Amino acid sequence: QLQLQLQLQLSAVIDCTANMPTNNTTNTTNTTNNTTKNRKRRGFLSRRSKAVVVHGMPTVHAKVHSLGAGTLSADGNALMEFNATPPIKNDESTTTTINTRTGDIGNSNTDTTCLKSFRSILPHPETIRDNIERVGERVGERMERITERLVRAPRNFTRLSSSFIRVADLQMSSSKSSVHPNDSPLPNFHHASQDPPPGVDRDEKEQWIALDDGDGSAAPIAPYAVSALADFGYQTAMDGTMWRCEGKTDRFLQQSKVWQHISWQESGLLQVPDDFFENKNSIFDQVMVWSGNFIHGLYGSDLPAVRSLGIVNMSPRALVTLLVDSSRTKEYNNMSVGRTDLMILQDNLLNDDAVDGSFGKSITKVMRAETLPPMVRKPLQLVTLLHVTALPDDSGYLLVSRAVTQASEVGNGDFGLRSEILMGVNVIRGIKGQENKCLMTNVNHIRTPMIPMFIGRKIGLAAAPNFIRDLRNINVSS
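Since we're looking at a predicted model, the values are computed, not measured.

Regarding the sheet that holds strand β11 (residues 208-210)
Here is step 1 of the chain: Taken in spatial order, the three strands line up as β11-β10-β19 in an open sheet, and their pairing is antiparallel. Each edge of the open sheet is held by one strand with a lone partner, namely β11 and β19 (405-406).
Here is step 2 of the chain: Looking at chain direction, strand β10 (residues 163-166) and β19 are connected through two bridges and run antiparallel. Note on β19: the bridge partner recorded for F164 is T405.

Structural data, given as structure tokens:
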């Protein structure tokens, strides 16, 4: 019985064509028999066959159908080999070439006494692997073309369900567009526009962009706007001409050249003297505070902003991990009623193996938070965009936030009384030689319609240093 040892996954081992001579008893002068003599005969090797089967062969070769025991094997040079055991007796010497759809694969050699062997000369396994890889590449290229067509396909933009942010102060040109040439540009969705969210009064000085398409996917213009927001926020935090010292900050800075330097350091890890942290009066008990105003003359520029700075007893990564976790806000903010993530546009910042997405490597999400400041009876509700990314020199992290207008909630009764973070910035920078400490610089520019401006300013100046002190009281491992 023929034993098949196959290392190829084939439904039929071989589908071949055999050129076989006819029996010596055939009348070679007969035209029909001559035609038969030269006719190609079809045959195959099959798992179900006892041996090689050649269809339509003369009687003299019928014994091939019952060759007896044999072996089909694989080695490094020939993928299949057949050896007849015992040899098959034949009346003549023949050499038969066997072909497949892909070309010659071997010879069936006989002499005057027996059919000896069949040896395949199929392509080497490496050649087969190369062919498979080429097929895989073609499939991959086709999938890429399909994916590209899907990505480039026109997207739906449902304004009534989308979230919007103001961008006029970010100096985003209205010609800045993310629209594909084959698409029709949509205001807010593909480029910044004066068109406000549904239900919001139009302001000719204002510019708006949509963060999403109304179904949770980022709008094409959103990554550009968020990047511009990050740049503007960082420049605001480091612009010394904008800020005025409050309280004891001016006196403290005059007494400490170290603080004068690190208060405005724009890049790299902070470098401080070795004995700097031994003097607690220079670090643990001090939080610097400044106030200032935006001079762009746009929405909210009449409201004061607050800048604060201080050392926090956590590594930059530990502090960021704490701040982005909406379930932990009450650990460091005693005015917090709670915070919920409404829409996550990207979350790969803290995954070391992640690659850049539409918003780079970042955490970008929309959140709803409620706070209850002193002297306020009803919690203030804020819907805010938060974007967190690493500083360009990897010395720490940058967090920026801005109020989000949800079109679906514009008509709600309390919408006009909702508080807004016009600009929020947190710059967290590491300190050389101090792995479990970092310098935190914050900017808060908040609009609270329920609170008079002079009271809001006092609350802001008090809340800014308290926020840093509350963070110092948390014991978080790096």
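Don't stop here, the text continues.
Quick look at the nonpolar core
Here is step 1 of the chain: Grouped together as the largest cluster of nonpolar side chains are 59 residues, with contacts concentrated most on V167, I209, L211, W259, L385, L398 and V427.
Here is step 2 of the chain: With 23 residues, the next largest nonpolar core counts V312, L386, L399 and M440 among its residues.

Quick notes on the confidence of the model for the chain
Detailed reading of the predicted coordinates is not advisable wherever pLDDT falls low.
Here is step 1 of the chain: Across the chain, the average pLDDT comes to 74, with 63% of residues at 70 or higher.
Here is step 2 of the chain: Across residues 1-116, where pLDDT falls below 50, the model places 221 contacts with residues more than four positions away in sequence or in other chains.
Here is step 3 of the chain: Contacts for the low-pLDDT stretch residues 118-122, under 50 throughout, to residues beyond four places or in other chains number 29 contacts.

Some points on helix α6 (residues 316-324)
Here is step 1 of the chain: α6 sits mainly inside the fold: seven of its nine residues count as buried.
Here is step 2 of the chain: Turning to α6, its buried residues are P316, A318, L319, V320, L322, L323 and V324.

Let's talk about the pairing of strand β16 (residues 362-371)
Here is step 1 of the chain: Burial within β16 is extensive, with eight of its ten residues counted as buried.
Here is step 2 of the chain: Where strand β15 (residues 336-347) meets β16, nine bridges bridge the pair, whose relative direction is antiparallel. Paired with T340 across the bridge in β16 is R368.
Here is step 3 of the chain: As paired elements, β16 and strand β17 (residues 380-390) share ten bridges and run antiparallel to each other. The residue of β17 that forms the bridge with K365 is L386.

Observations concerning the packing of aromatic side chains
For any two aromatic rings, the description comes down to two numbers: the centre-to-centre distance and the angle of the planes.
Here is step 1 of the chain: Overall, the coordinates contain five aromatic pairs when judged by the stated rule.
Here is step 2 of the chain: Taking the centre distance of 5.9 Å and the plane angle of 75° together, the rings of Y332 and F467 count as edge-to-face. Residue Y332 is located in the loop between α6 and β15, and its partner F467 is located in helix α7 (residues 453-472); the two are separated by 135 residues in the primary sequence.
Here is step 3 of the chain: On the basis of relative accessible area, Y332 is assigned to the buried category, the value being 6%.
Here is step 4 of the chain: Above the ring of Y299, the side-chain terminus of R166 is found at 3.5 Å from the ring centroid.
Here is step 5 of the chain: Between R307 and the ring centre of W290, over which it is positioned, the NZ or CZ distance is 4.5 Å.

Here's the deal with helix α3 (residues 222-238)
Here is step 1 of the chain: In this model α3 runs 25 Å from its N-terminal to its C-terminal C-alpha over 17 residues, within 8% of the 24 Å that 1.5 Å per residue would give.
Here is step 2 of the chain: Of all 17 residues making up α3, 13 are buried, and the element is well covered by its neighbours.

Regarding unusual backbone geometry
Here is step 1 of the chain: The phi dihedral of Q171 falls on the positive side, at around 55°, and the residue is not glycine.
Here is step 2 of the chain: Position of Q171 relative to the elements: it lies in the loop between β10 and β11.
Here is step 3 of the chain: Backbone geometry at N188 places phi at a positive 75°, although glycine is not the residue there.
Here is step 4 of the chain: Residue placement: N188 occurs in the loop between β10 and β11.
Here is step 5 of the chain: Judged by relative accessible area, which is 0%, N188 ranks as buried.

Remarks on the pairing of strand β14 (residues 305-312)
Here is step 1 of the chain: Among the eight residues that make up β14, eight are buried, leaving the element largely enclosed by the rest of the structure.
Here is step 2 of the chain: Of the two faces of β14, the one carrying A305, R307, L309 and I311 and the one carrying V306, S308, G310 and V312 are both buried.
Here is step 3 of the chain: Two strands pair when backbone bridges link them, and strand β13 (residues 288-292) and β14 are joined in this way by five bridges, in the antiparallel orientation. Looking at β14, one finds that S291 is bridged to V306.
Here is step 4 of the chain: Pairing analysis gives seven bridges linking β14 to strand β21 (residues 434-447), with the strands arranged antiparallel. Its bridge partner being in β21, V312 is matched across the sheet by C438.

What counts, and at which threshold
Residues numbered from 1 in each chain as written. Predicted model: local features only at pLDDT ≥ 70, side-chain atom pairs only at ≥ 80, totals over all residues. Heavy atoms only, no water. Pairing = 2+ DSSP bridges. Helix = DSSP H or I, 4+ residues; strand = E, 2+ residues; numbered from the N terminus. Core = buried A, V, L, I, M, F, W, Y, C linked by side-chain atoms within 4.5 Å. Buried < 20%, exposed > 50% of the residue type's maximum accessible area, 1.4 Å probe, protein only. pLDDT = per-residue confidence, 0-100. Contact = heavy atoms within 4.5 Å. Phe/Tyr/Trp six-rings, centres within 6.5 Å; stacked < 30°, edge-to-face > 60°. Lys NZ or Arg CZ within 6 Å of the ring centre and 35° of its normal. Expected span 1.5 Å × (residues − 1).

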